[in-house]
Amino acid sequence: MTMIQERRPDAAAGDAGSDVLLEVRGLTVEYAGPSGAVRACADVSFDLHRGEILGVVGESGSGKSTLITALTRLQRPPAVTTAGRVVYRPREGGPAVDLVTLSPRRLRGLRWTRLSIVLQSAMDALNPVTRLGEQFVDVLRTHDRSLSRAAAWEEARRLLGLVGISADRARSFPHELSGGMRQRATIALALACRPELVVMDEPTTAVDVVMQRQILAQVLRLRREFGFAVVFVTHDLSLLLELADRIAVMYAGRIVELAASREIYRAPLHPYTQGLRDSFPPLHAPVERLEGIPGTPPDLRLLPAGCPFAPRCPHAFDRCRTEQPALVDHGERSVACHLRDPEEVRS
Amino acid sequence: MRASLLRNGKVLFGVVVLGFFVLLALFGPMVLSALGLDARANDISAIAAPPSPEHPLGTTQFGQDVLAQVIEGARGSMFVGFLGAAIGTAIAIVVGVPAGYFGGTTGNLLNFVTNIFLVMPVLPLIFVVAGYLQGTGLVMIAIIIGVFGWAGGARTLRAQAMSVRNRDFVQAMRMLGEPHRRLIFVEVLPHLYGWIASMFLGGLIGAVMAEAGLAFLGVSDSSAISWGTMIQAAQQQSAVLRGLWWWFVPPGLCIALVGTAAALINFGVDELANPKLRAASRRVAKRTESVRREAAVAERA
Amino acid sequence: MTALGGAASASATTTTALAEVSARRKPRRRSGVFLLKRLGFYAVAAWSAITLNFVIPRLMPGDPSAAIIDQLERVSGQALAPEALVSIRGLFGDPDQNLVEQYVAYLGQLARFDLGVSISNFPVPVAELVGAGLPWTLLLVGTTTVISFVLGTMLGVAVGWRAGSRFDSIMTPFITFVSSVPYFWIALLALWFFGFVLGWFPLAGGYDPNLAIAFEPSFLLSVMQYGALPALTIVFSAFGGWMLGMRNMTVTTVREDYVLLAQAKGLSPARVRWRYAARNAMLPQFTGFAMALGGVVGGALLTEIVFSYPGIGYLLFSALQKRDYPVMQGVFLLVTLTVLLANLIADSLYVWLDPRVREES
């Protein structure tokens, strides 16, 4: 199916200091719909390195949110992970585990201490009837039974201080805080147990631009300090170009391009990425006509044979409509497009 | 949507059962004469007799055939049920929609009246009123039930009307100068049909039960036969102490079935209308299970 | 229409309540102001009940006062004392005074707890009759309401959490059926089966008539024995409504982001279920609880009648049959005021439960 060439020498399991934190292979998620299963995520594969910020960008229906819930195993019916593995390698060595098949009890041990999540709408992400500090205290004490309540509250106040929320707000209820404060609080919460990976699902979509910048700056600062990796999902490519080390572009449930953000901006290989990049204005460029991408995202229940982007692609040719392109490595980057196939390039 | 409505097991069951009783109510007398039964005829030879081939559901203390009474009673109970629900729903609409739409002083006043009726324990009040009204027909009973039971529905409609009124399209039309009456009937009300239907069904259950309750307490048309009057008569004649279970079990069962049918319809419709409830339905759970079983990966749930 | 039966569409009640709760999210009120407003409302409602009680007999055809005085004199076999005459006229209408004077006198009378004299139980004052019956009803209604609420809510969470499972698909329609059954019919059935056929429980009364009323074990035991069947039937019939409402609320709440985050935090499933999901799902139930109190009273009254339980429901019923208006109106007034008080208590409880209604920081 996919021909992934390992971009680094395959690190043996248990190799302390291994560069790769998360190894995702062939992850497929299906929704049990009334007329058959619909593939929201098909055959997603990538490596996530320690301390790296990986951006995942795509339109609605691209499968990026489904990817998040699959990675973190927070799915609800009718979503089911039907294939693939998500191999997590702990930072201090020890055996690698496949998150997909891990037992719920062991998974719970990993939650928050290794893998945490920041949701899109902080207003809904915090328990409305519990004090803010308490929501830190419960997770702190769940993962460290020896921690006293007083110590946990102290730590909660300290964490809130990291994101610029004063200690006396710890006793407030979520509805008493402003939207920006709530979002920052959820970020602080995500770091409570020093995770190795923080997954962020559109954390800035619901806030204004000014708050957006503050939040991003904070994330970068905290990442420098604590060294966690980030998977940042958004529909806004411009954000990722500044924030992410590498960017994965998703379309119709598949990754169509994966490269360093600078490469994505400078020389996108996939026509869809090109379209995305060209559809927002850079701040310093001369004023010119914006290009959108014609057409609409495909209905996942009725995917065309061949490349799902072909109907909208300005460079599509015959092979595109019959054969699905595989994600192929080109040095440090990968792309799923027949145009870039060495065979085609030569011909 | 309609197709999936009927595919939902709960709704289907509810519609079938409710439909059956509606038909029974409508065609009851014809069924009775076809079967040669008379609800009021006294069979002296079989006083308080248990079920037998001549009297499939036994007879009452007065030798009246219970099955015949149940069929005849369907008409009485369903009549009061539908009329009471209709009156209650109508009042709820008239009070609740303007309360939500207009807001301000009118709205507050209407809301206040609604709350009073909500909070007041209605039964003692009905007693007092009914006590003064000597002798009441079924229509009067239905009116009493409707007049005392509209408050819950009005409250719901007020909340819903408020939210529709605050939607952008209504605001826009107001600014264009659309008159209130047109807005209410043409724009706001259609959004509330679902709620009104659900309220009517809920009211139906309530009214049938209320009729039975009132009849049980002696507030009823003494010449009419309904499921409620049957249970009341049974109680009067100490049916329990004499073990005449066939007298009061069938009518109560019918009330319960009607109530269950309407409730299930509401439940099923709720499920379809609310995506969160739908995602939690049995059908979705089963579908998810089958996808999970065929998956290449065993995700331990 | 829910007043006389069991729970009507539980989903509708909780959905309404939910709409109210989210409407409350926006205007954040200080709890003090909120409670004061509620108190004001209940004060007005109480005043309405009192006034209604004043108005109704005066609206009725004929002269109820004269009719009642007549009946009383017939029953007692002698003319009524002047104080009794004043009391009856004050409650039921005095053709000699104008309305305003009557109203003032009426209020004064009520303040002295003078509700007139019972016709059927002459010469016992209504207040005394009501006072005797009230504790029994409170006992029955109080315990059964709390039990069915708690039971229904906990079961509702259990079922709602596992929504879509086979357990849910069987339980939910079954409970719907159970809660569609009229209280009093279940009571009759239970009385027949457990009392008559099996003989496990006594068939009537609140306590063994051979025992004296005293706070001693034998009496208390008898109270429990006689109260068991009425209580069980009420609980059986009532908890279904709470369960269904809670189930739907739990299903909705479980899909909220904060529950997802709680799971993502790796908290124990029990903690997520109770501290995050149930704690929030419960809120509309409380609002619904207050609304349902009127109906609870109705159902309990009916049960008392079936079991001949010596509470005010039974009192009201016998009064109705004997056209004993003083008792009927006295019970109405008392029940209404009690329900209003209970509602106020429920509202206060709600303030404590939902911090969004409390003071702004």
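Residues numbered from 1 in each chain as written. Chains lettered and ligands numbered in written order. Predicted model: local features only at pLDDT ≥ 70, side-chain atom pairs only at ≥ 80, totals over all residues.

1. Quick word on the interface of chain A and chain B
Selection rule: Residue pairs qualify as contacts under a 7 Å threshold applied to their C-beta atoms, which are placed from the backbone. Secondary structure elements follow DSSP: runs of H or I of four or more residues count as helices, runs of E of two or more count as strands, with numbering from the N terminus. Classification convention: Asp, Glu, Lys, Arg as charged; Ala, Val, Leu, Ile, Met, Phe, Trp, Tyr, Cys, Pro as nonpolar; all other residues, Gly among them, as polar.
Tallying the contact residues gives 15 residues for chain A and 13 residues for chain B. Listing elements by their share of the side of chain A that touches chain B, those giving two or more residues are strand 1 (20-33) and strand 4 (79-88) of chain A. Among the elements that make up the side of chain A that touches chain B, the one with the highest residue count is strand 4 of chain A (five residues). Its residues assigned to classes, the side of chain A that touches chain B comprises eight nonpolar, five polar and two charged.

2. Some details on the sheet that holds strand 1 of chain A
Residues and elements named next belong to chain A. Condition: Strands were regarded as paired on the criterion that DSSP finds at least two bridges between them. Axis definition: a line fitted to C-alpha atoms, limited for helices to the stretch in contact. Angles are taken between N-to-C directions and run from 0 to 180 degrees.
Pairing in this open sheet of four strands is antiparallel, and the strands run 2-1-4-5 from one edge to the other. Of all the strands in the sheet, the pair left with one neighbour each is strand 2 (36-49) and strand 5 (97-98). Pairing of strand 4 with strand 5 involves two bridges; the strand directions are antiparallel. The partner of Val87 across the bridge, within strand 5, is Asp98. Relative to strand 2, helix 1 (residues 64-71) is tilted by about 70°, and along the sheet it contacts strand 1, strand 2 and strand 4.

3. Quick notes on the confidence of the model for chain C
All names here are of chain C. Our working rule: For every residue, the predictor reports its confidence as pLDDT, a number between 0 and 100.
This prediction gives chain C a mean pLDDT of 78; 89% of its residues lie at or above 70. Here helix 1 (residues 10-25) stands out as the least confident element of chain C, with mean pLDDT 48; helix 10 (residues 257-264) is the most confident, with 92. With pLDDT under 50 throughout, residues 1-14 is counted as low confidence; its partners more than four residues away or in other chains account for 76 contacts. Predicted confidence is poor over residues 21-29, with pLDDT under 50, and the contacts of this stretch with residues over four places away or in other chains come to eleven contacts. As scored by the predictor, the complex reaches a pTM of 0.80 and an ipTM of 0.85.

4. Details of the interface of chain C and chain B
In this complex, chain C contributes 63 residues to the contact, which on the side of chain B involves 65 residues. Those elements that place two or more of their residues in the side of chain C that touches chain B are helix 1, helix 2 (31-59), helix 7 (166-180), helix 8 (183-197), helix 9 (217-254), helix 11 (269-307), helix 12 (312-321) and helix 13 (325-353) of chain C. Of the residues forming the side of chain C that touches chain B, the biggest block, ten residues, is contributed by helix 13 of chain C. The residue makeup of the side of chain C that touches chain B, split by class, is 40 nonpolar, 20 polar and three charged.

5. Structural notes on the sheet that holds strand 7 (residues 197-201) of chain A
Residue and element names in this part refer to chain A. Within the open sheet, the eight strands sit side by side as 6-7-8-3-9-10-12-11. Their pairing is mixed. Each edge of the open sheet is held by one strand with a lone partner, namely strand 6 (115-118) and strand 11 (328-330). Neighbour to neighbour, the strand axes of the sheet diverge by 20° on average, direction disregarded. Examined bridge by bridge, strand 3 (residues 53-57) and strand 9 (residues 246-251) share four bridges and lie parallel to one another. For Val56, the partnering residue across the bridge sits in strand 9 and is Ala248. Of the strands in this sheet, strand 3, strand 9 and strand 10 (254-260) are in contact with helix 10 (residues 271-278), which crosses strand 9 at around 110°.

6. Observations concerning the packing of helix 3 (residues 66-102) of chain B against helix 11 (residues 245-273) of chain B
A pair of packed helices is characterised by two quantities: the angle between their axes and the separation of those axes. All names here are of chain B. Heads up, the rule is: With respect to orientation, any angle under 35 degrees is reported as roughly parallel, any angle over 145 as roughly antiparallel, any angle of 65 to 115 as roughly perpendicular, and every other angle as oblique. Should the near helix be turned anticlockwise from the far one by less than a right angle, the crossing is termed left-handed; should it be turned clockwise, right-handed.
Relative to each other, helix 3 and helix 11 sit at 30°, their axes nearing to 10 Å. Relative to helix 11, the element helix 3 lies roughly parallel. The handedness of the crossing between helix 3 and helix 11 comes out as right-handed. For the pair formed by helix 3 and helix 11, the contact residues are Val66, Val70, Gly73 and Ala74 on the first element and Trp246, Trp247, Pro250, Pro251 and Cys254 on the second. Taken together, the residues of the contact of helix 3 with helix 11 sort by class into eight nonpolar, one polar and no charged.

7. Re the environment of Arg73 of chain A
All names here are of chain A. This is how the line gets drawn: Backbone-placed C-beta atoms define the burial measure: a residue is buried with 20 or more other C-beta atoms within 10 Å of its own, exposed with 12 or fewer, and partly exposed in between.
Summarising the element assignment, Arg73 is placed in the loop between helix 1 and strand 4. C-beta crowding within 10 Å serves as the criterion here: with 21 such atoms nearby, Arg73 is assigned to the buried category. Taking the C-alpha atoms as reference points, Arg73 and Arg111, 38 residues apart in sequence, are found 10.0 Å from one another. Leaving out residues up to four positions away in the same chain, Arg73 has contacts with Leu99 and Leu107.

8. Here's the deal with the pairing of strand 8 (residues 229-234) of chain A
Residues and elements named next belong to chain A. This is how it is decided: Here is how to tell: hold the view so the strands point away, follow the path from the first strand over the helix to the second, and if it runs clockwise the crossover is right-handed.
Of all six residues in strand 8, six are buried, a share of seventy percent or more. Going residue by residue along strand 8, you find Ala229, Val231 and Val233 tucked away on one face and Val230, Phe232 and Thr234 tucked away on the opposite face as well. Here strand 3 pairs with strand 8 via five bridges, running parallel. Note on strand 8: the bridge partner recorded for Val56 is Val233. Pairing between strand 7 and strand 8: five bridges, direction parallel. Bridged to Val199 within strand 8 is Val231. After leaving strand 7, the chain enters helix 7 (residues 209-226) and then returns to the sheet as strand 8, a path that is right-handed.

9. Some details on helix 7 of chain A
Going by this rule: A helix is expected to reach a length of 1.5 Å times the quantity of its residues less one.
Across its 18 residues, helix 7 of chain A extends 26 Å between first and last C-alpha, which sits within 8% of the 26 Å expected from 1.5 Å per residue. Positive backbone phi, approximately 75°, marks Gly227 of chain A, located one or two places after helix 7 of chain A.

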